[in-house]
Structures are given as C-alpha cells and as structure tokens.
Amino acid sequence: MKNKEIADIINEIATMLSLEDFATARFEVRAYQKAALTVGTLQEPIEEVYQKGGVEALMELPGVGKSIAALIEEYLKTGKSKKYEMLKKKYPFDIASLTAIQGLGAKKALRLYQELKIKNIDDLKKAIEQHKIAKLEGFGEKSEELIKTGLGFMASGGGRMRIQDALPTADEMIKKLNESGLVEKAMLAGSARRMRETVGDLDILVISNKPEKVMDFFTKMSNVEAIIAKGPTRSAVRLNIGLNCDIRVLEPESFGASVQYFTGSKDHNIQVRTIAVGKGYKLNEYGLFNKKGKNVGGSEEESIYEALGMQWMPPEMREARGEVKLAQEHKIPKLVDVNDIKGDLHSHTKQSDGANTLEEMAEAAMKLGYEYIANTDHTPNLPIANGKSDKEFEQIFKKVDKLNETLKGKFRVLKGAEVDILKNGALDLKDSTLKQMDCAVGAVHMNTTMPKKEMTDRIIKALDTGLIHVLAHPTGRKVNERQAYQVDLEKVAEAAERNNVALEVNATDRMDINDTNIMLVSKYKILFAIDTDAHRTQDFFNIRYGIGTARRGWLTKDRVLNALPLDKLIKKLSR
Ligand code: DGT
Ligand code: CA
Ligand code: CA
C-alpha cells in the first residue's frame, strides 16, 4: 500500500509551497494538505483505486483535484514527482522531519537552513548544543528552548509509529496472508492487537503446514522494503512505511499459548506466568505445561486463562493495570465496542475546513449505520480553519433543518460547532447562537502555553457557561507530535460532571484523552464522547482508534454518550 508514502510526499510539497510567495501559493498549500489527509486516511490502497478507475477515480477522492490526481498517477507510474523534485531542489533540506518538531515551522526551518546550513535533525541538535539558534535574529532564547523541548519530545517517541499509520498496512498484510491459500489462520498480536496508540513493531502469527512457503510469500510482499532475517518458521522485515514486522509460524496445538504470549503486554504476561507457577504449571510461548510436562494449553487463548482460573479479557486491557485481579474474580467488564456507536458528535464540512459537504458527511455516516452526526464546524477564532461567524451559523442551522426534513427522521444532523474556548475562558460565539445548538463542542486551540492553573480555570469557566455539551480533545496533545498543555484534568472532570459535559476521546492522531487519562477521570460521573473529528467522509472509519483507546481505558457502553440511540441522546443533551 503506497498511501502513506504518497501522502507524505504531498504533505512535504504543501510545506515547501508554504515558503513560496506567488499569489495562489496559500490556496495550493491548503489543497495539498487536504489531499494528503485524504490519501493518508484512505481505507483501500491508492494503487488499487488507480488501477480500477484511473485518474477519474483519483479525482473522486475528496480534496483531490486534477493536478494532484496527475501527480499521484505520475508517482505510481514512475516512483517520482517532477513537482516534488523541483521544489526539493529549491529547498534541499529535510523539511518534513524538521517541521515535525513542535515549535519549528517551515519558515523558521528555512532560515535555519539559509543561515546555519541546518539540513536535518542532527544538524539541528548540534546547533542547539552550540547555542547558535538563540543568537539568530527572530529566534532568541525562548525559541531555542521550545525547539529543544520539541526535539526531546520527539526522541521520547523512540521511533514508535502511531497506530493510525500502522494498522491499515497490518490489516492489508493479514488479509493477503489469509487469502494466500498457504495459511490456516493469520492474525495480529503485540501492541497493535492491544491497540496501543503507538507501536514499536508489528507481530504477525500464523498457523500453516507450509511454513517455508509462508516465509517466501511474506518476505516478497509489496509492503516489504528489506528482509532483516529469514528462517524456516520466523522472519523479520522492514516495511516500506518505516516499521519492522515479525512473523512466526506456530503449531496448532500451542497456538493458544503463543497468541497469549505474543499479544502481551510483557508486564501482563509476567503477572499471568506468576499465577501459572503458583498453580504448578509452566507457561511460555510454546504452551501451558502441567507437572508431567504435558502441554494442556490448546489452540485457543481462552483455554489458557481458563486453566489458570481466570476470565479471558480483551487484549486492550492487558497492560498490568489491575486486569489480572479482575480476571481472577471473574469481573472483567463488557467493554464498549465499535458496534455500540450510534453516531459521531464531532465532524466538519466544507463550510469550515473539511473536504466534504454536509450532505456527503450525513450520507457517509448513514452508510455506517449511524443514527446521527453533529455538524461542528469551526468558529471565528480560527480563521486558518475558515471559522464561521454567528451570522453564518444561522445560515448553517437553516441548512441543517432543511437537510433533516429531507431525511424524514431516518437520520438526524445535530446543530453544533467546535466553539473555541478563548484565552479568558469565554466562548467565541454569542450565547444566543450557542443556545440553538443540539451539540456544542468546546475546544482549546490557541494560547496553549499558559500555566496549569490558568488553563484549568479557563476550561472550567467555559464549561460553567452551561452551553457546552462535549469538551473536545481535552488536553491538546498529539501523539508523537505535541505534548499536552498544562491542565488539571481531574478538576476539569469535576466541572464536566457538574455541567453534564462529556469528555471527548478524540480518535484522530490526537488520541485525546488517552487511555490513562480515561482511567484517571472515570471515577467522576461523566460520560465520554468517542469522536473522529471527521474532516472528510472516510475519517468516520477512524472510530476504531477511539474505540481502541476507550477500551484501553476500560470504558463500558453505558459510559459513552454516542452509544445512545438518537431519542435518548437528545434527552441527554437537552438543557
Ligand atoms: P511494541 O512492539 O514495542 O509496540 O510492543 P509489543 O507489546 O508488541 O512488544 P514486542 O513486539 O517486543 O513483543 C510482542 C509480545 O511478546 C509482547 O507484548 C509480549 C511478548 N514478549 C516479548 N518479550 C517478552 C519477554 O521478555 N517476556 C515476556 N513475558 N513476554 C515477552
Ligand atoms: Ca510489537
Ligand atoms: Ca516484535
């Protein structure tokens, strides 16, 4: 699948275009950014879209116009893009990696290149060590410090990839293996099965009586960039998305123990093994052995837990956070599932910075079997996201009413906005506008570097208006990219409880709030909204990542606002 590779190139073009000063550059930047998001989040391989329908099919993708479709075609055919190479000549530094650092934008990266010859992260580190950036005009101590923090944060990612960037490829590989005719079963284990927000590598497990053929097939897959190791039953490769992948062919008799072992986490395994030892067993990746050395594990993971007097639990729970004890007490909760979700309460359209119309978004949600979506376009504080004014929202509401009429109760678009929580905690739409909304989603976007108490007070003040239904991405973090702002989330949860505000589990690369924060605030009587923050129809599919995170935070269906059917939701939201 070339989706990520092509999305990265289009994105890099956008970043380089942002340095150009011809009149239409700004619009081009937006167009390329939009297209990159579309390609990067596409469900099917872009090469298949092209093979099936040519340039026309590419142009049907939201945000992909004629010239970008031509660029994709050129890249698929030649492995190159003339436009990209032309820009690269002009900006011959690693702009993608440099601008991925929090606190370092394209313009600053360009100046660092021009004045200090900084071409990549290594050069940047050296310049910081030598304190050269602080001395540059327009940078200063504070700027250098910010870049340094950003670099440190990136390094702490330690080469882990966001699950959103890894899982589509993993799915594709599992599918190909299962369709190869060579395997009885192929499945994903490791952190990806546990839906961790980042993965260090992928782990694939296979049952097959033709292991060597499986190794040949696997190492020749189109996703494979290089072979790291190849053996008769085990191999490791480097994938073209920049991630390693392990594969193991296992015996059917011990598949249960192997799946349990390789799903992890390691800390969970250590706890389970201790229980096994206490009961006179030996447990490892090859099986569950009794005192006579007989493997009693079987081919199912369930039988391993059962033999140890434990209840099976979803992989997302296996992080040694108390789930082992719950399993021994047979008290594993029934976690919320993708099928429980009845709608999405945070979505955008072309009206602000989305790529699809309101009608298209509604139709896509209907196709997923949803009963509703909230239309939550941006507000004036975000001109870069084309935020709408009070007056424009009045028009949008009329449009929503009209659309709902044509839908005749089969589906409902809820009136809303992603309303900015300003620096002083005020909301940037009039109360009279907000009061017309079924679902107002409050969010902090700007001025995020304030001290903890100020930020906490700011958000609480917004919640205390009683005009917000959902607090979007409550900590402002982005996985591998941006740290959370300073905020006392428990105090925010307390205010959310008092005001009947749901906290969002944002399923984009924000993954905000994350699993541990869900656990932290679960003790408050609040609901959670698992939302995709969709900016294009295909984004609704990202719900799986939000669900994964919610399950990692042990959420059950009754804690999820958008697991409510429409009538109950309306009641809950009404003030
Ligand atoms: P990752 O790849 O860093 O995102 O995390 P995992 O959990 O996928 O870890 P990985 O790929 O190193 O190993 C897969 C699983 O194998 C891991 O979750 C648990 C199991 N495992 C690996 N090493 C050990 C070990 O030393 N002891 C035990 N008990 N289990 C291990
Ligand atoms: Ca792994
Ligand atoms: Ca591994």
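For the structure given in this document, a descriptive report is provided here. Bear in mind the structure is a predicted one, so any value in this text is a computation, not a measurement.

Observations regarding the packing of helix α1 (residues 3–17) against helix α5 (residues 82–90)
At step 1: Packing of α1 against α5 leaves a shortest axis separation of 10 Å and a crossing angle of 45°. The angle between α1 and α5 places the two elements in the oblique class. Regarding α1 and α5, the two cross each other, and that crossing is left-handed. Here I9, E12, I13, M16 and L17 of α1 lie close against α5, whose contacting residues are K83, Y84, L87 and K88.

With respect to the layout of surface pockets
At step 1: When its volume is computed, the second largest pocket comes out at roughly 370 Å³.
At step 2: What lines the second largest pocket is a set of 19 residues, and nearest its centre among them are R194, Y261, F262, G264 and K266.
At step 3: Those elements that place two or more of their residues in the lining of the second largest pocket are α11 (190–193), β4 (201–207), β7 (244–250), α13 (255–263) and α14 (266–278).
At step 4: Here the lining of the second largest pocket gets 4 residues from one element, more than from any other, and that element is α14.
At step 5: The class makeup of the residues in the lining of the second largest pocket is 3 nonpolar, 7 polar and 9 charged.
At step 6: The residue makeup of the lining of the second largest pocket includes at least three contributed by each of domain 2 (161–250) and domain 3 (255–328).

A word on the coordination of the calcium ion (ligand 2)
At step 1: Around the calcium ion (ligand 2), the protein contributes the donor atoms D201 (O), D201 (OD) and D203 (OD), at 2.1 to 2.8 Å from the metal centre.
At step 2: If you look at the calcium ion (ligand 2), its 6 donor atoms make angles of 69 to 168° with each other, and the shape they trace is irregular.

Observations regarding the nonpolar core
At step 1: Counting 60 residues, the largest nonpolar core has V413, I459, L463, L503, V521, F528 and I530 as the members making the most contacts within it.
At step 2: Top element by residues in this core is helix α18 (residues 390–407). It accounts for 6 residues.
At step 3: Counting residues in hydrophobic clusters, the runner-up holds 51 residues, among them I13, L104, A109 and L112.

Topic: the coordination of the calcium ion (ligand 3)
At step 1: Binding of the calcium ion (ligand 3) to the protein goes through D201 (OD), D201 (OD), D203 (OD) and D246 (OD), at separations of 2.2 to 2.8 Å.
At step 2: Along the chain, the residues donating to the calcium ion (ligand 3) are arranged with the sequence spacing D-x1-D-x42-D.
At step 3: The metal-metal distance between the calcium ion (ligand 3) and the calcium ion (ligand 2) is 3.7 Å, with D201 coordinating both.
At step 4: Judged by relative accessible area, which is 22%, D201 ranks as partly exposed.

What about the environment of N120?
At step 1: With respect to the helices, strands and loops of the structure, N120 is situated in the loop between α7 (106–116) and α8 (121–129).
At step 2: Along the chain, N120 and D267 lie 147 residues apart, while their C-alpha atoms are 37 Å from each other.
At step 3: What N120 contacts, discounting residues up to four positions off in sequence, is D94 and L98.
At step 4: Here the side chain of N120 touches D122 through a polar contact of 3.2 Å, landing on its backbone nitrogen.

Rules behind the numbers
- Residues numbered from 1 in each chain as written.
- Chains lettered and ligands numbered in written order.
- Predicted model: local features only at pLDDT ≥ 70, side-chain atom pairs only at ≥ 80, totals over all residues.
- Heavy atoms only, no water.
- Axes fitted to C-alpha atoms, helices over the stretch in contact; angles between N-to-C directions.
- Helix = DSSP H or I, 4+ residues; strand = E, 2+ residues; numbered from the N terminus.
- Parallel < 35°, antiparallel > 145°, perpendicular 65-115°, else oblique.
- Left-handed = near helix turned anticlockwise from the far one by under 90°.
- Contact = heavy atoms within 4.5 Å.
- 1 Å grid on protein atoms, 1.4 Å probe; cavity = no way out; pocket = protein on both sides within 12 Å on 5 of 7 lines; lining within 4 Å.
- Points joined across faces, edges and corners; volume = space filled by probe spheres on them.
- Nonpolar A, V, L, I, M, F, W, Y, C, P; charged D, E, K, R; others polar.
- Domains from an automatic or database assignment.
- Donors = N, O, S within 2.8 Å, 3.2 Å for Na, K, Ca; no water.
- Tetrahedral: all angles 85-135°; square planar, octahedral: opposite > 155°, others 65-115°.
- Core = buried A, V, L, I, M, F, W, Y, C linked by side-chain atoms within 4.5 Å.
- Buried < 20%, exposed > 50% of the residue type's maximum accessible area, 1.4 Å probe, protein only.
- Polar contact = N/O pair within 3.5 Å; in protein donor to acceptor, adjacent residues only side chain to side chain.

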